[in-house]
Amino acid sequence: MDLGVRWKLHGDGRTPAPGAVVRPDERLSWPRTAGLGAQHVVAMFGASFVAPVLMGLDPNLAIMMSGVATVVFLLATRGSVPSYLGCSLSFVGVAAVIRAQGGSSATVTGAVFVVGGALFLVGLAVRRFGARIIHTTMPPVVTGAVVMLIGFNLAPVTASTYWPQDQWTALLVMLFTGLAVVCLRGFWSRIAIFLGLVFGYGISWVFDLVFGKIHSVDASGKPTDHWRLDLSGVGQADWIGLPTLHAPSFEWSAILVALPVVIALVAENAGHVKAVGEMTGDSLDDKLGTAIAADGVGSMLSTAVGGPPNTTYSENIGVMAATRVYSTAAYWAAAGFALLFGICPKFGAVVAAIPGGVLGGITVILYGMIGLLGAQIWINAKVDLRNPLNLVPAAAGIIIGVGNVSLKFSDTFSLSGIALGTIVVITGYHALRAFAPAHLKTQAPLLDEGTSSYDDAKS
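Residues numbered from 1 in each chain as written. Predicted model: local features only at pLDDT ≥ 70, side-chain atom pairs only at ≥ 80, totals over all residues. Heavy atoms only, no water.

- For the protein chain, an unreviewed UniProt entry supplies the name Uracil-xanthine permease family protein and the organism Streptomyces iakyrus.
- Regarding the protein chain, the UniProt comment filed under Sequence similarities (unreviewed entry) reads as follows: "Belongs to the nucleobase:cation symporter-2 (NCS2) (TC 2.A.40) family."
- Under the UniProt heading Subcellular location (unreviewed entry), the note attached to the protein chain is "Membrane". (UniProt positions renumbered as here; feature names shortened; annotations may be inferred.)

## Here's the deal with the overall build of the protein chain
For step 1, the next point in the chain: For the protein chain, the helix and strand inventory stands at 21 helices and eight strands.
For step 2, the next point in the chain: Counting over 459 residues, the protein chain shows a buried share of 54%.
For step 3, the next point in the chain: Sequence separation of at least 24 residues holds for 78% of the intrachain contacts in the protein chain that already meet a minimum separation of 6.
For step 4, the next point in the chain: Surface summary for the protein chain: the accessible area is close to 19200 Å², and the carbon and sulfur share equals 66%. (Helix = DSSP H or I, 4+ residues; strand = E, 2+ residues; numbered from the N terminus. Buried < 20%, exposed > 50% of the residue type's maximum accessible area, 1.4 Å probe, protein only. Contact = heavy atoms within 4.5 Å. Areas by Shrake-Rupley, 256 points an atom, 1.4 Å probe, with all protein chains shown as cover.)

## Overview of the packing of helix H10 (residues 192-211) against helix H18 (residues 356-381)
For step 1, the next point in the chain: At a minimum axis distance of 9 Å, the contact between H10 and H18 shows a crossing angle of 155 degrees. With respect to H18, the element H10 is oriented roughly antiparallel. When you trace H10 past H18, the crossing you get is right-handed. When H10 is examined against H18, the residues Ile193, Gly196, Leu197, Gly200, Tyr201 and Ser204 are found in contact with a partner set consisting of Val358, Ile362 and Leu366.
For step 2, the next point in the chain: Considered class by class, the residues forming the contact of H10 with H18 number six nonpolar, three polar and no charged. (Axes fitted to C-alpha atoms, helices over the stretch in contact; angles between N-to-C directions. Parallel < 35°, antiparallel > 145°, perpendicular 65-115°, else oblique. Left-handed = near helix turned anticlockwise from the far one by under 90°. Nonpolar A, V, L, I, M, F, W, Y, C, P; charged D, E, K, R; others polar.)

## Examining unusual backbone geometry
For step 1, the next point in the chain: One non-glycine residue with positive phi stands out, namely Arg78, at about 55 degrees.
For step 2, the next point in the chain: Its place among the elements puts Arg78 in the loop between helix H2 (59-76) and strand S3 (85-87).
For step 3, the next point in the chain: Phi at Lys382 is positive, roughly 55 degrees, even though this residue is not glycine.
For step 4, the next point in the chain: Along the chain, Lys382 turns up in the loop between H18 and helix H19 (388-403).
For step 5, the next point in the chain: On the basis of relative accessible area, Lys382 is assigned to the exposed category, the value being 68%.

## Digging into the pattern of salt bridges
For step 1, the next point in the chain: Applying the stated criterion across every chain, the model contains four salt bridges.
For step 2, the next point in the chain: Of the charged contacts in the structure, one is a salt bridge between Asp166 and Arg228, with a shortest N-O distance of 3.2 Å. Here Asp166, found in the loop between helix H7 (155-162) and helix H8 (167-183), pairs with Arg228, found in the loop between strand S5 (223-226) and helix H11 (232-236); they are 62 residues apart in sequence, far enough to count as distant. Assigned by exposure class, Asp166 and Arg228 land together as buried.
For step 3, the next point in the chain: Arg386 serves as the salt-bridge partner of Asp384, at 3.0 Å between the closest nitrogen and oxygen.
For step 4, the next point in the chain: On the accessibility criterion, Arg386 (74% relative accessible area) is exposed. (Salt bridge = Lys/Arg side-chain N within 4 Å of Asp/Glu carboxyl O.)

## Observations regarding the environment of Val405
For step 1, the next point in the chain: Summarising the element assignment, Val405 is placed in the loop between H19 and strand S7 (406-408).
For step 2, the next point in the chain: Sequence-wise, Val405 and Gly417 are twelve residues apart; in three dimensions their C-alpha atoms are separated by 5.5 Å.

## Here we look at a nonpolar patch on the surface
For step 1, the next point in the chain: The grouping of Trp205, Val206, Leu209, Val210 and Phe211 at the surface amounts to a nonpolar patch, some 550 Å² of accessible area in total.
For step 2, the next point in the chain: By the element assignment, Val206 lies in helix H10.
For step 3, the next point in the chain: With relative accessibility at 34%, the residue Val206 sits in the partly exposed group. (Patch = residues over 30% accessible without salt bridge, like charges linked within 9 Å, V, L, I, M, F, W, Y side chains within 5 Å.)

## What to know about the packing of H7 against H18
For step 1, the next point in the chain: One can describe the packing of H7 onto H18 by two numbers: an axis separation of 9 Å at closest approach and a directional angle of 165 degrees. Compared by their axis directions, H7 and H18 come out roughly antiparallel. Crossing angle aside, the handedness with which H7 passes H18 is left-handed. When H7 is examined against H18, the residues Val157, Thr158 and Tyr162 are found in contact with a partner set consisting of Gly356, Gly357, Leu359, Gly360, Thr363, Val364 and Tyr367.
For step 2, the next point in the chain: Split into classes, the residues belonging to the contact of H7 with H18 amount to five nonpolar, five polar and no charged.

## A few points about the confidence of the model for the protein chain
For step 1, the next point in the chain: Counting all residues, the mean pLDDT for the protein chain is 81, and 90% of those residues have values of 70 or more.
For step 2, the next point in the chain: Low confidence marks residues 444-459, where pLDDT is under 50. Its contacts with residues over four positions away, or in another chain, come to 45 contacts. (pLDDT = per-residue confidence, 0-100.)

## Re the packing of aromatic side chains
For step 1, the next point in the chain: Tallied over the entire structure, the rule returns four aromatic pairs.
For step 2, the next point in the chain: Between the aromatic rings of Phe113 and Phe250, the centroid separation amounts to 5.9 Å while the plane-to-plane angle is 70 degrees, which identifies the pairing as edge-to-face. Of this pair, Phe113 sits in helix H4 (residues 105-129) while Phe250 sits in the loop between H11 and helix H12 (252-258); the two residues are 137 residues apart in sequence, bridging distant segments of the chain.
For step 3, the next point in the chain: Using a relative accessible area of 23% as the deciding quantity, one classes Phe113 as partly exposed. (Phe/Tyr/Trp six-rings, centres within 6.5 Å; stacked < 30°, edge-to-face > 60°.)

## Notes on the side chain of Ser302
For step 1, the next point in the chain: Turning to its location among the elements, Ser302 is positioned in helix H14 (residues 288-304).
For step 2, the next point in the chain: If near-sequence neighbours (up to four positions away) are discounted, Ser302 is found in contact with Met65, Gly307, Pro308 and Asn310.

## Side note on H14
For step 1, the next point in the chain: Over its 17 residues, H14 runs 24 Å from end to end, which matches the ideal 24 Å to within 8%, given 1.5 Å per residue.
For step 2, the next point in the chain: Across the 17 residues that make up H14, a large majority, 13, are buried.
For step 3, the next point in the chain: Remark: Gly306 follows H14 within two positions and exhibits a positive phi of approximately 105 degrees. (Expected span 1.5 Å × (residues − 1).)

Have a look at this one:
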């Protein structure tokens with residue numbers, strides 16, 4: 001059985017020839033391949049360790065399980081889809097909602113485990129029936145609205161939790177990160193979030209030296225005098241040790257909050273597989289279902305031991321575009337480095353020490369970008385929001401999701417925010433479409449960006 005773990009040496013093993021690319025089944029010399037693997041790890045760092053911190057989960061375990069998930073993905077796709085699976089930011093909002101409802105880390109990972117299982121089943125369905133099942137149930141107007149409400153639902157987290165801890169540091173980090181995203185080029189722009197964190201660390205340290213302790217709310221929300229940057233835990237942490245594991249716990253209320261993220265993950269995977277196919281020059285249409293299913297399995301493995309869910313990372317796709325090296329050997333190297341970082345508690349302590357004000361500046365941009373990806377889906381698919389069939393369910397669902405509107409069924413069960421907003425968008429669209437006059441249905445549902453050729457391949 002070909003597992004995609006054999007690679008031909010590309011040229012002299014040093015650099016691709018002008019105009020040439022290193023294909024997935026090729027590699028450069030092993031030292032250069034290892035260097036590229038390290039570069040991929042750095043590229044995914046920014047989001048992969050911010051996400052677990054925002055979700056209240058162990059960043060060491062997140063990094064380690066991202067390596068495991070990447071290995072699973074590479075084996076499942078037989079090395080034909082070079083991608084790195086890092087911690088998904090799409091779940092940050094649902095984690096915040098679950099914790100606000102009194103849920104623990106086990107409750108969060110239990111809900112996300114179910115999402116991973118649902119994603120796996122979607123992948124199997126796509127393998128069997130093709131991408132038609134995606135755009136039939138989730139046309140772009142629905143997908144865009146759900147992604148948008150997931151991102152914008154996070155706004156209160158920044159406004160009430162992170163920003164108040166140190167508003168001036170948050171402002172400076174926001175400005176620096178924005179400049180890095182816009183002004184830097186190539187690889188450096190891909191790690192702008194990471195650079196913003198490094199800047200935030202530095203400015204917090206300088207402010208502590210110059211101004212002393214700050215009087216503001218701490219991470220628990222209580223006003224107190226505290227250091228912006230507290231590295232006491234770093235000195236106490238060991239260099240080598242396994243991260244803390246815990247089993248998931250399953251609660252229906254938390255599961256219903258998390259399930260809508262499946263829509264965002266399907267859209268992400270479809271777009272990423274298409275992008276990789278266009279860069280490598282290979283048709284990966286028949287790998288879409290496998291990629292989605294593999295992502296689901298990777299997320300289930302991670303959350304089963306207390307880690308966060310994973311998804312294919314656009315940051316690493318950007319690295320491939322910049323280097324023209326699409327070798328899956330580099331991703332195996334990246335997975336190996338991630339496993340090594342995962343067993344270094346001192347690294348986790350450094351991540352856990354990220355000041356709240358720094359996270360405030362980062363999340364202002366990050367959460368907004370997540371939400372605006374929904375608008376990008378609409379633009380790419382040319383969704384006509386002048387059509388009330390598209391406008392009404394999207395408008396209602398987004399306001400419900402962003403405003404955290406709730407619908408109470410009993411003393412023990414209610415729907416609100418992301419879960420209720422998603423239900424309104426999906427059911428509202430299909431119900432209105434069933435009763436809408438013919439002239440409002442002239443624009444047929446389009447495939448999400450990145451899947452436009454899959455139907456042709458399956459028909």
